[in-house]
Amino acid sequence: MRIIFLGTPDFAVPSLEALAASSHDVVAVVTQPDKPGNRNVLQPCAVKRKAQELGLPILQYERLSRQGADDLRALSPDLMVTCAFGQILSDEILAIAPHGVLNVHGSLLPRYRGASPIQSAVLNGDAQTGVTIMRTVREVDSGDILLQVTTPILPRETAGELFERLAQTGACAIVQAADAIERGEATFTPQDHAQATYCRMLDKESGRIDWTRSAIELTRHIDGMTPWPSAFTHTPQGKLLKIWRADASDDIAAPSGTLVSKGGRVWVACGKGSLELLEVQPEGKKRMRAAEFAAGYGRLDGERLGERT
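Source: prediction; values computed, not measured.

S.K.: In this structure, what is going on with the sheet that holds strand S7 (residues 101-105)? I would like to understand it.
M.R.: In a beta sheet, neighbouring strands are held together by backbone hydrogen bonds and run either parallel or antiparallel to one another. What the seven strands build is an open sheet, ordered S5-S2-S1-S6-S7-S9-S10; its pairing is mixed. Strands at the two margins of the open sheet, each flanked by one partner only, are strand S5 (58-60) and strand S10 (145-152). Taking each pair of neighbouring strands and ignoring which way they run, the sheet shows an average axis angle of 20°.

Here you go:
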């Protein structure tokens with residue numbers, strides 16, 4: 001089949017690679033326009049870089065639905081595939097390919113419709129998640145489901161690690177889905193909309209640590225925010241402190257956010273229990289073990305994170 005692929009970030013790259021290596025013909029790759037990077041130099045997205053490597057035709061639009069319908073129609077696709085593309089498609093775009101548009105989504109829909117399904121699964125302590133291949137419709141992530149693949153979330157698996165696994169899972173699943181459509185064996189099942197849950201787009205502020213929460217919740221927060229936007233707090237001097245790894249520990253008889261240091265180990269009192277810090281990154285410095293942080297910081301005991309003097 002002739003397929004147009006629409007995607008932008010790293011998560012979409014394995015799906016593009018898998019389709020390009022399959023029996024199907026990827027006739028074009030649609031991505032977001034290049035964005036300013038270091039020193040304001042325009043940088044291509046991950047999907048564009050991979051499409052260039054594969055020698056595939058590339059189309060870029062600020063607003064695909066307003067600018068690209070004629071271009072896509074001229075390519076006569078049998079099927080279109082979206083994977084973290086980042087734009088809402090109009091009815092006109094959705095109707096171009098005879099087999100419609102399939103989407104690769106990083107959750108077991110209808111759970112976690114929206115922009116941060118992988119992080120949300122980690123943040124909420126879910127035991128499992130997966131990938132859904134469904135028909136793209138105007139309402140976000142609400143189309144009929146073609147297939148789902150389930151996987152357990154590993155103990156202390158970060159969102160970044162889960163992203164990598166689900167990206168590969170999605171790549172296998174989208175090829176299976178395209179094959180099923182080509183054979184005329186695809187069966188679509190409507191979602192139970194009453195069971196739908198939603199997740200919001202994350203920003204840098206999403207990583208801020210609230211020390212009044214329990215230690216278990218905060219380990220999930222740290223894992224869910226790694227590698228981006230990263231979990232962070234502030235020292236009393238107002239300096240940023242990122243926390244990359246920490247384990248839940250016993251209660252500390254101190255207000256939430258209070259630091260306790262002993263023998264090179266560092267704990268922080270939480271609303272329930274405490275966190276033992278394992279790897280941190282002070283502002284302007286590299287990531288380091290908590291023992292290095294304790295040795296270089298000076299007095300820790302009694303200091304409260306999140307408070308500024």
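S.K.: It is not clear to me how the environment of Glu276 should be interpreted in this structure. Could you clarify?
M.R.: Secondary-structure assignment places Glu276 in strand S16 (residues 274-282). Taking the relative accessible area as the measure of exposure, Glu276 reaches 14% and is therefore buried. Along the chain, Glu276 and Leu54 lie 222 residues apart, while their C-alpha atoms are 46 Å from each other. Those residues within four positions of Glu276 in sequence are excluded, and the remaining contacts are Ala246, Asp247, Ser249, Arg265, Val266 and Trp267. At 2.8 Å, the side chain of Glu276 and the side chain of Arg265 are in polar contact.

S.K.: Is there a simple way to think about the pairing of strand S2 (residues 25-31) in this case?
M.R.: Where a strand is regular, its side chains alternate between the two sheet faces. Most of S2 sits inside the fold, with six of its seven residues counted as buried. Alignment of strand S1 (residues 2-7) against S2, held across five bridges, turns out to be parallel. Pairing of Ile4 across the sheet is with Ala28, part of S2. Between the parallel pair S1 and S2, the chain is carried across by helix H1 (residues 13-21), and the sense of this crossover is right-handed.

S.K.: Hey, could you run me through the packing of aromatic side chains in this one?
M.R.: Aromatic ring pairs are described here by two measures, namely the spacing of the ring centres and the angle between the planes. This model, assessed by the stated rule, comprises one aromatic pair. Relative to Phe163, the ring of Phe11 lies with its centre 5.9 Å away and its plane at 90°, an arrangement referred to as edge-to-face. Of the two residues, Phe11 sits in the loop between S1 and H1 while Phe163 sits in helix H7 (residues 159-183), which places them 152 residues apart along the sequence. The class of Phe11 is buried, set by a relative accessible area of 10%. In this arrangement the basic side chain of Arg135 is found over the ring face of Phe188, its NZ or CZ atom lying 4.0 Å from the centre. In this structure, Arg287 packs its charged tip against the face of Trp244, placed 4.1 Å from the ring centre.

S.K.: Is there a simple way to think about helix H8 (residues 215-224) in this case?
M.R.: Three or four residues apart is the spacing at which side chains of an α-helix point the same way, because the helix has 3.6 residues per turn. Of all ten residues that make up H8, seven are buried, and the element is covered over most of its length. Listed as buried for H8 are Ala215, Leu218, Thr219, His221, Ile222, Asp223 and Gly224. Considering only its buried residues, H8 is in contact with helix H6 (117-123), H7, strand S12 (231-234), strand S13 (240-249) and S16.

Conventions adopted
- Residues numbered from 1 in each chain as written.
- Predicted model: local features only at pLDDT ≥ 70, side-chain atom pairs only at ≥ 80, totals over all residues.
- Heavy atoms only, no water.
- Pairing = 2+ DSSP bridges.
- Helix = DSSP H or I, 4+ residues; strand = E, 2+ residues; numbered from the N terminus.
- Axes fitted to C-alpha atoms, helices over the stretch in contact; angles between N-to-C directions.
- Buried < 20%, exposed > 50% of the residue type's maximum accessible area, 1.4 Å probe, protein only.
- Contact = heavy atoms within 4.5 Å.
- Polar contact = N/O pair within 3.5 Å; in protein donor to acceptor, adjacent residues only side chain to side chain.
- Right-handed = clockwise from strand over helix to strand, strands pointing away.
- Phe/Tyr/Trp six-rings, centres within 6.5 Å; stacked < 30°, edge-to-face > 60°.
- Lys NZ or Arg CZ within 6 Å of the ring centre and 35° of its normal.

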